[in-house]
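Descriptive analysis of the structure
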Amino acid sequence: MAKALCFGSLNIDYIYQVPHFVGAGETLSALSRQRLAGGKGLNQAVALSRAGAQAYMAGSVGEDGEFLLETLQGAGVDISFVRQLPGNTGTAVIQRDGAGENCILLHGGANRCITADQVQETLEHFAPGDWLVLQNEISCLPLLLEEGRKRGMQVVFNPSPMEPELLGLGLEKVHCLVLNQVEGRQLLGGEAQEEEALRRGLEEWFQGDTLVLTLGSRGAWCLHQGEWAFQKAFSVPVVDTTGAGDAFTGFFVASRMMGQSIPQALEKAAWAAAQTIQHPGSTVPVRAN
């Protein structure tokens, strides 16, 4: 069976429950605070494992990141390729309002200490046909994209957070691209495309195998080898939307690795996102049913 390597961020999430998002110049008392494991890389690695994939995590944490490693191991993720460095782990300060919506402030910490040597040494342990799952929260991303393709891995990229520097990295050629509406508009160089126009533009631009366009509470579209498929979101009570997209990505990729069809993978991914938003924190709390 192919292996899934999630080379990405590991963060300590500080989640503040607030009556509303704090405004400029405003001082606001939080209703509660939690300290949880997070980072898009960690979230997606946990989702991959809980969906049934053979999942490996690569990245870096600081001296304060031991509990992140314990979280990964508890979810069945192999942490052999995570380095623990002097200094601080990446952090996320998350405001969560009464509707479960969030806004996030990131500090890279050890996530920005990934080196070219670490990339090369890690990828030596993987083979053509293995899957490389990436996001935009770590250093050495251009090298990871280049080396993954060169080594014949199935490269999955979630361009979040979206930055102008990504536009020159040939993202239209990755095997699987997973993005939301805002990121899709940014990739096409505009802000105002309606959903139908956005899908047409992405179809003309994309040259890879599979593109997933997530729509939050409305569901998701998937373009696979020239054909579009749609999956409605599951209607469930919302506690916390943090990490829903990561759960979706991990379960979608794992389903495809295990030979499931696009409709099957989309349904499983939507189910995982729905499970995640019913619980606090950013990791999917359940295994595939």
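Our structure is the block above this text.
Structural notes, computed from the coordinates. Since we're looking at a predicted model, the values are computed, not measured.

**Description of the environment of S9**
Tracing the backbone shows S9 in the loop between β1 (3–7) and β2 (11–17). The exposure class assigned to S9 is buried, which follows from its relative accessible area of 0%. It is 26 Å that separates the C-alpha atoms of S9 and L188, two residues lying 179 residues apart in sequence. Ignoring any residue separated from it by four or fewer positions in sequence, one finds S9 in contact with G38, G39, K40, G41, L42, M57, N111, Q135, E137 and I138. Here the side chain of S9 touches K40 through a polar contact of 3.1 Å, landing on its backbone nitrogen.

**Remarks on the layout of surface pockets**
Estimates place the volume of the largest pocket at around 1,200 Å³. Along its surface, the largest pocket is lined by 47 residues, and N180, T241, G243, A244 and G245 are the ones closest to its centre. Within the residue set of the lining of the largest pocket, elements represented by two or more residues are β2, α1 (40–50), β6 (90–96), β7 (102–107), β10 (176–180), α5 (181–187), α7 (244–257) and α8 (262–277). Considering each element in turn, the lining of the largest pocket owes the most residues, five residues, to α7. The residue inventory of the lining of the largest pocket, partitioned by class, reads 20 nonpolar, 20 polar and seven charged.

**Observations regarding the packing of aromatic side chains**
With the rule as written, the count across this model stands at eight aromatic pairs. For the ring pair Y56 and F81, a centre distance of 6.2 Å and an interplane angle of 45 degrees mean the geometry is tilted. With Y56 in strand β4 (residues 54–61) and F81 in strand β5 (residues 78–84), this pair connects stretches of sequence that are 25 residues apart. Pair check on accessibility: Y56 and F81 agree, each one buried. With 6.5 Å between their ring centres and 10 degrees between their planes, F248 and F252 make a pair best called stacked. On the criterion of helical spacing, the pair formed by F248 and F252 is a turn pair, its members being four residues apart in helix α7. Look at F248 and you get buried, because its relative accessible area is 7%. Here K3 stacks its cationic end above the ring of Y56, 5.5 Å away from the centre of that ring. Stacked on the ring of F126, the Lys or Arg K3 has its end atom at 4.7 Å from the ring centre.

**Re the packing of α1 against α7**
At a minimum axis distance of 8 Å, the contact between α1 and α7 shows a crossing angle of 40 degrees. On the basis of the axis angle, α1 is oblique to α7. With respect to the hand of their crossing, α1 and α7 are arranged in right-handed fashion. Every residue of α7 that contacts α1 at K40, N43, Q44, A47, L48 and R50 is listed here: D246, A247, T249, G250, F251, V253 and A254. Partitioned by chemical class, the residues of the contact of α1 with α7 number six nonpolar, four polar and three charged.

**Regarding the side chain of T276**
Tracing the backbone shows T276 in helix α8. Relative accessible area serves as the criterion here: at 0%, T276 is assigned to the buried category.

**Quick notes on the packing of helix α3 (residues 116–123) against helix α4 (residues 141–150)**
The interhelical angle for the contact between α3 and α4, taken along N-to-C directions, is 25 degrees, at an axis separation of 10 Å. Judged by the inter-axis angle, α3 sits roughly parallel to α4. Once α3 is placed against α4, the crossing between them reads as right-handed. Residues A116, V119, Q120 and L123 of α3 touch α4, and the partners they reach there are L143, L144, E147 and G148.

Cut-offs and rules
Residues numbered from 1 in each chain as written. Predicted model: local features only at pLDDT ≥ 70, side-chain atom pairs only at ≥ 80, totals over all residues. Heavy atoms only, no water. Helix = DSSP H or I, 4+ residues; strand = E, 2+ residues; numbered from the N terminus. Buried < 20%, exposed > 50% of the residue type's maximum accessible area, 1.4 Å probe, protein only. Contact = heavy atoms within 4.5 Å. Polar contact = N/O pair within 3.5 Å; in protein donor to acceptor, adjacent residues only side chain to side chain. 1 Å grid on protein atoms, 1.4 Å probe; cavity = no way out; pocket = protein on both sides within 12 Å on 5 of 7 lines; lining within 4 Å. Points joined across faces, edges and corners; volume = space filled by probe spheres on them. Nonpolar A, V, L, I, M, F, W, Y, C, P; charged D, E, K, R; others polar. Phe/Tyr/Trp six-rings, centres within 6.5 Å; stacked < 30°, edge-to-face > 60°. Lys NZ or Arg CZ within 6 Å of the ring centre and 35° of its normal. Axes fitted to C-alpha atoms, helices over the stretch in contact; angles between N-to-C directions. Parallel < 35°, antiparallel > 145°, perpendicular 65-115°, else oblique. Left-handed = near helix turned anticlockwise from the far one by under 90°.

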